[in-house]
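The lines below spell out each chain.
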Amino acid sequence: MGSPRRAVIVLSAAALLAAAAVRDLTRNRTTPLWPALRDSVLRLGRGLPFELTDATRAAGLVHLHRKLVPHPSLRNLAPWLGSLGASVAVVDIDADGWPDVYLTNSAVGSLNPLFRNNGDGTFTDIARRIGLAAVNKDTGSLRALFFDCDNDGDKDLLLTTFHGARLHINDQGMFRDATAGSGLDFPFYAPASNVVDYDNDGLLDVVVGGYFSPSADFLAPKDYRLMHAGFHAADNGGRARVFHNEGRGKFSPARGNLGLSCPRWVLAVGVYDLRGTGRPDLHFASDYNLNCLYFNDGRGGFLDASAELADTISMSNMSSEFADPFNDGRPSIFVANIHSPRYLPYGNLLWSPSGQGHYRDIAREAGVRECGWAWGAKFADLDNDTLQDLVVVNGYISGDPSRDYMVEFAEMVRRRPEYIADTRNWPAIGNASQSGYQRSCVYHNDGARFGDVAGATGMRDDLLDGRGVAAIDYRNDGSLSLVVANQGQPARFYRNRQRNRNRWVGFALRGTRSNRDAFGAEVTVRLRGGKILTRQFQPANGFMSQSDGRLHFGLGRRPVVESVEVRWPAGGLQRLGPVDLDRYHSVVEP
C-alpha cells in the first residue's frame, strides 16, 4: 500500500480535477480545464488500466518514411504536396496466425518494407524477398490495402499512388504487378480506398477516392491549377469511382458508378452497415467539402443520404471510422477534422444516430472534438473492458517552430477560388511549420464519454506528424497495440500491456458463400447481465490504414458469455457453441 502522504496528494489532485470538470460542464465545455493536472493524477495514481510503451526498436519495426519530392516548379508548396503517403497495413501475409506489418514510402525509387512477425515479439523485413519492396519505381505509394481479390486464399495488394491504383497479385507467396489488364483504370492521385461486396456475389469490389484532379502531376506538371478552388465546396478535385470485381483479378467500372456523385477531394472511404440491413453503407471523408453518406438501396446501388448528417461546417474531413462506442446498438461515425483555436475553431465529428435515419454530431459532449490537426483514427478496446477506446494521430507539417505558415494560409482563405487553385499564387512554405509538433489523443472510454489520457501513456512525448494508425495484436494475447505511420518521419510502434485481469475473445473469420475475407461480417457477443457487444469486420476503415484481420472483444473482469452469433454478408446467421476465452477462434461460414 502506498504512503498516506502519497495517497493524500493523489486524492487532493483528483478532487481538484473533479471540481474543474464540474465547472467545465456548467460552461458546456467537454475538454478538461487542466489536462496537465489530469495527466499527473493518472501517472501518480497509476490509474490507467493499460500501458502503451514505445517498443519500435525492440520490435524491429524501424522505418523512416520518405516523402514525395515534387518538380522544382512546385517548390513553393513542396511540404504541402508531399504531406501525404505514410500508410500502414496489418496483414497476415503468410497465414501463419501472426499479424505482419506493411509500411509505405512515397519518394520515387524508395522501397516499402513488409515486417514479418517472428512470433517472439520481433519483426523482420521480408519485402524484397516476396516482391513488395520495389513498388515505387516511377511514382510513390499512398494507401496500402490487402484483400483476397481472386478468392484463392491469399492476400493481394491494392496500392494507390500519386498516379492511380496498382494491383499486386499474390502467387503462392510471391507478388507480381498485375495492374495492366486488371481494369483498374484510375488516373487520380488517390489517398483513399476500400473494398465492399456491393452486389453480394462473393467477390470484393473496389472503391477508390481521388483527391487532386486527374491532370495533377507533381513530377512533370503541365497545369498548375491543381489546388482546391476555394476552402468550401471546392468542385475541382478528384472523385470516387467504383470497380466491380469480375473475378481472377479483373475489374470493370461499376454501371453508373452506383449513383455515387457527391464526393470530391476524397481522403477516406468508410464501409459499414449502419442500419442493420445486412448491406454495407458508404461514407466519404472529403476535404474542402461536407461529409457524404450513401445508404445501400438493396438493389446493387446507393442512395445519397448526406442530408441525414446535420452537417453545415465540416470542410476538412480526414478519416472515416466506425464503432458502437457505448454498446447501445447504435453505430456511430467518427470523422477526424482540424482544430486550431486561433485559425480553425472546428473539430472532430462523432455522428450518432438520432432516429429515423438522422445523425447528429455528439463529439463535443462525448469529449472527442478538440484534438488538433487530426488524421488517422482507430477504435480499439485497449483495456479489454468491453468499451472501445479511440486513438487519433495529429500534426500537419512540423518545420521551424518559430515560423508559422498559418498566417499566410489564413491570408489565402480570403482570396477568390480561381486564385487559390493556382499553385503559383501561393507564398512559399519553405521550412515553416503549419500545425506541427502536436501530441496525439488517446481517448479512454468510460461508458458515458471519452477522456484524453495520452499524457499518461508512452505517446505523451510523440510530436511526430501522424497519418495512418492501425491496431494489432502482435503477440496474440488479447492486448491491442498500435502502429503509427508518420509523414516524412519514423514510424512508431506502441506495445500495449494490460494492468488488469480482464478477459477477452477473438474471431478469425473465413467466408465461403460470402467473400473469403469476410469483410462486412458482424459478430455479436451476449454476456450474462444483458450486455451485448457487436463488432463488424471492416479493418480498412480509418485513414490510410488497415488493422488486424481479426475481430477482438474485451469482456471485462468476470464475464460469462451466453451466446456468440455471426451474421455473414451472404445473409446466413451462424450460432457458435461455448467458446473458450483468452484466445482467437477460427470460424468458417457454413
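What you are looking at is a predicted structure, and each value in this text was computed from that prediction instead of being measured.

Calculation criteria
Residues numbered from 1 in each chain as written. Predicted model: local features only at pLDDT ≥ 70, side-chain atom pairs only at ≥ 80, totals over all residues. Heavy atoms only, no water. Helix = DSSP H or I, 4+ residues; strand = E, 2+ residues; numbered from the N terminus. Buried < 20%, exposed > 50% of the residue type's maximum accessible area, 1.4 Å probe, protein only. Areas by Shrake-Rupley, 256 points an atom, 1.4 Å probe, with all protein chains shown as cover. Lys, Arg positive; Asp, Glu negative; His and termini not counted. Charge placed at Lys NZ, Arg CZ, Asp CG, Glu CD. Phe/Tyr/Trp six-rings, centres within 6.5 Å; stacked < 30°, edge-to-face > 60°. Lys NZ or Arg CZ within 6 Å of the ring centre and 35° of its normal. Core = buried A, V, L, I, M, F, W, Y, C linked by side-chain atoms within 4.5 Å. Contact = heavy atoms within 4.5 Å. Pairing = 2+ DSSP bridges. Axes fitted to C-alpha atoms, helices over the stretch in contact; angles between N-to-C directions. 1 Å grid on protein atoms, 1.4 Å probe; cavity = no way out; pocket = protein on both sides within 12 Å on 5 of 7 lines; lining within 4 Å. Points joined across faces, edges and corners; volume = space filled by probe spheres on them. Domains from an automatic or database assignment. pLDDT = per-residue confidence, 0-100. Buried area = accessible area lost by both parts, 1.4 Å probe. Salt bridge = Lys/Arg side-chain N within 4 Å of Asp/Glu carboxyl O. Polar contact = N/O pair within 3.5 Å; in protein donor to acceptor, adjacent residues only side chain to side chain. Nonpolar A, V, L, I, M, F, W, Y, C, P; charged D, E, K, R; others polar.

Attention shifts here to the overall build of the protein. Scanning the protein from terminus to terminus reveals eight helices and 38 strands. When its C-alpha atoms are laid out on the principal axes, the protein stretches across 70 × 60 × 50 Å. The buried share of the protein, taken over its 590 residues, is 61%. Accessible surface, the protein: about 22,400 Å² in total, of which carbon and sulfur atoms supply 51%. The protein carries 66 positive and 65 negative side-chain charges, and their two centres are separated by 5 Å.

Below, the discussion takes up the packing of aromatic side chains. Summed over the entire model, instances satisfying the criterion amount to 32 aromatic pairs. Relative to Phe493, the ring of Phe123 lies with its centre 6.2 Å away and its plane at 75°, an arrangement referred to as edge-to-face. Of this pair, Phe123 sits in strand S5 (residues 123-125) while Phe493 is found in strand S30 (residues 492-498), placing the two residues 370 residues apart along the sequence. Both rings, one in Phe231 and one in Phe409, keep their centres 5.3 Å apart while their planes meet at 85°; by these two values the pair is edge-to-face. Of this pair, Phe231 sits in the loop between strand S11 (205-209) and strand S12 (240-247) while Phe409 sits in helix H7 (residues 406-413); the two residues are 178 residues apart in sequence, bridging distant segments of the chain. Like Phe409, Phe231 is buried. A cation sits over an aromatic face here: Arg275 above Phe295, 4.3 Å from the ring centre. Seen from the ring of Tyr584, Arg550 lies directly overhead, with NZ or CZ sitting 4.0 Å from the centre.

With that settled, the discussion passes to the nonpolar core. Generally speaking, nonpolar side chains in soluble globular proteins are found buried as a group. In terms of nonpolar packing, the biggest core is built from 55 residues, with Phe212, Phe218 and Trp426 touching the most fellow members. Of all the secondary-structure elements, those providing two or more residues to this core are helix H4 (78-81), helix H6 (363-366), strand S22 (374-380), strand S23 (389-394), H7 and strand S26 (441-445). It is S22 that contributes the most residues to this core, four residues altogether. The contact partners of Phe212, leaving out residues within four places of it in the chain, are Leu81, Phe188, Tyr189, Phe218, Leu226, Met227, Gly237, Gly238 and Trp265.

We now examine the sheet that holds S23. Judged by pairing direction, the sheet is antiparallel, and its four strands sit side by side in the order S22-S23-S26-S27 without closing on themselves. Whereas interior strands pair on both sides, the edge strands pair on one side only; in this sheet they are S22 and strand S27 (450-452). Across the sheet, the axes of successive neighbouring strands diverge by a mean angle of 20°, strand direction being ignored. Pairing analysis gives three bridges linking S23 to S26, with the strands arranged antiparallel. Note on S26: the bridge partner recorded for Leu390 is Tyr443.

What follows concerns the layout of surface pockets. If you add up the space inside the largest pocket, you get close to 860 Å³. Every residue lining the largest pocket is counted, 40 residues in all, and those nearest its centre are Asp92, Ala95, Lys155, Ala508 and Gly549. Where the lining of the largest pocket is concerned, the elements lending two or more residues are strand S2 (88-91), helix H5 (127-130), strand S6 (141-147), strand S31 (503-510) and strand S38 (584-588). Tallying contributions element by element places S38 first for the lining of the largest pocket, with five residues. Two domains each donate at least three residues to the lining of the largest pocket, and these are domain 1 (67-498) and domain 2 (503-588).

Per-residue confidence for the protein gives a mean pLDDT of 91, with 92% of residues at or over 70. The secondary structure element of the protein with the lowest average pLDDT is helix H1 (residues 4-26), at 34, and the one with the highest is strand S3 (residues 100-103), at 99. The low-confidence segment residues 1-37 (pLDDT under 50) makes 29 contacts with residues lying over four places distant or belonging to another chain.

In this section: the pairing of strand S7 (residues 156-161). Counting buried residues in S7 gives six out of six residues, a clear majority hidden from the surface. Looking at chain direction, S6 and S7 are connected through five bridges and run antiparallel. Following the sheet pairing, Ala144 is matched in S7 by Leu159. Bridge analysis of S7 against strand S8 (residues 164-171) gives five bridges, and the strand direction is antiparallel. Residue Thr160 lies in a different strand from S8, and its bridge partner there is Ala165. The turn joining S7 and S8, which pair antiparallel and follow one another in sequence, is formed by two residues.

Taken together, the three strands give an open sheet; going across it, the order is S35-S31-S38, and neighbouring strands pair in mixed fashion. Unpaired on one side and paired on the other, strand S35 (551-556) and S38 mark the two borders of the sheet. On average, each strand axis in the sheet is inclined to that of its neighbour by 25°, with strand direction left out of account. Pairing analysis gives five bridges linking S31 to S35, with the strands arranged antiparallel.

Our next topic: the domain arrangement of the protein. Many structure descriptions define interface size as the accessible area lost when the parts assemble. Examined at the domain level, the protein breaks down into domain 1 (67-498) and domain 2 (503-588). Listed by partner, the interface residues are 62 residues for domain 1 and 35 residues for domain 2. Taken as a group, Tyr272, Asn384 and Thr386 account for 15% of the area that domain 1 buries against domain 2, more than any other trio of residues on that side. In this assembly, domain 1 and domain 2 are joined by three salt bridges. With its nearest N and O atoms 2.4 Å apart, the salt bridge here joins Asp517 to Lys155. Across the contact surface, domain 1 and domain 2 share 31 residue pairs in polar contact (both at pLDDT 80 or more). At the level of elements, S2, S6, strand S10 (192-196), strand S14 (266-272), strand S18 (321-323), S22 and strand S28 (466-472) are the ones that each hand at least two residues to the side of domain 1 that touches domain 2. Residue classes in the side of domain 1 that touches domain 2 are distributed as 28 nonpolar, 21 polar and 13 charged.

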